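Residues per chain are reported as follows:
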Amino acid sequence: MSILEKYDKIFQAKDEAGMNEILHDDFKFTMHSSGKQLSKSDVIGWAISDDISEDRDRSRIIYENDEIGVHHAFVTFKDGNTQAVMAVSYTHLTLPTKA
């Protein structure tokens, strides 16, 4: 089972311990609409809340290898709003150093 498959299964189950284990402590989720960043604890709190309906429609892994993963799903929230969510995950990122 791939990392994204594991994450999706943990997310669907609202498994807080599993999320703490699979997400890196430096994990950030950036919302494209506002640029707001959520920390690991913010994402876990939101994921186990009642804000997301149990029905995540058409959840799929678009691409995944040892360095990057791309996941897409349509998510319905408790207010009835449905949004397409695309997540791009890096297993590591090397930033350039100053010369």
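Predicted model only: the values in this text are computed from it and were never measured.

1. Some details on the nonpolar core
General note: in soluble globular proteins, nonpolar side chains tend to be found buried as a group. In this structure, Ile 10, Phe 11, Met 19, Leu 23, Ile 44, Ala 47, Ile 52, Ala 73, Val 75 and Phe 77 together form the largest nonpolar core, which totals 10 residues. Of all the secondary structure elements, the ones that give two or more residues to this core are helix H1 (3–13), helix H3 (40–47) and strand S4 (68–77). Not counting chain neighbours up to four residues away, the residues in contact with Ile 10 comprise Asp 15, Gly 18, Met 19 and Ile 22.

2. As for the pattern of salt bridges
A full pass over the atoms with the stated rule returns 1 salt bridge. Two residues, Asp 25 and Lys 40, come together in a salt bridge whose shortest N-O distance is 2.9 Å. Here Lys 40 lies in helix H3 and Asp 25 lies in the loop between helix H2 (16–22) and strand S1 (28–30), a separation of 15 residues in the sequence.

3. Considering the packing of aromatic side chains
This structure, assessed with the given rule, holds 4 aromatic pairs. Measuring from ring centre to ring centre gives 6.3 Å for Phe 29 and Trp 46, while their planes differ by 45°; the resulting arrangement is tilted. One end of the pair, Phe 29, is in strand S1; the other, Trp 46, is in helix H3, with 17 residues separating them in the sequence. Judged by its relative accessible area of 21%, Phe 29 is partly exposed. Judged by relative accessible area, Trp 46 falls into the partly exposed class, the value being 26%. Members of the aromatic cluster, connected to one another through ring pairs, are Tyr 7, Phe 11, Phe 29, Trp 46 and Phe 77.

Conventions adopted
- Residues numbered from 1 in each chain as written.
- Predicted model: local features only at pLDDT ≥ 70, side-chain atom pairs only at ≥ 80, totals over all residues.
- Heavy atoms only, no water.
- Core = buried A, V, L, I, M, F, W, Y, C linked by side-chain atoms within 4.5 Å.
- Buried < 20%, exposed > 50% of the residue type's maximum accessible area, 1.4 Å probe, protein only.
- Helix = DSSP H or I, 4+ residues; strand = E, 2+ residues; numbered from the N terminus.
- Contact = heavy atoms within 4.5 Å.
- Salt bridge = Lys/Arg side-chain N within 4 Å of Asp/Glu carboxyl O.
- Phe/Tyr/Trp six-rings, centres within 6.5 Å; stacked < 30°, edge-to-face > 60°.

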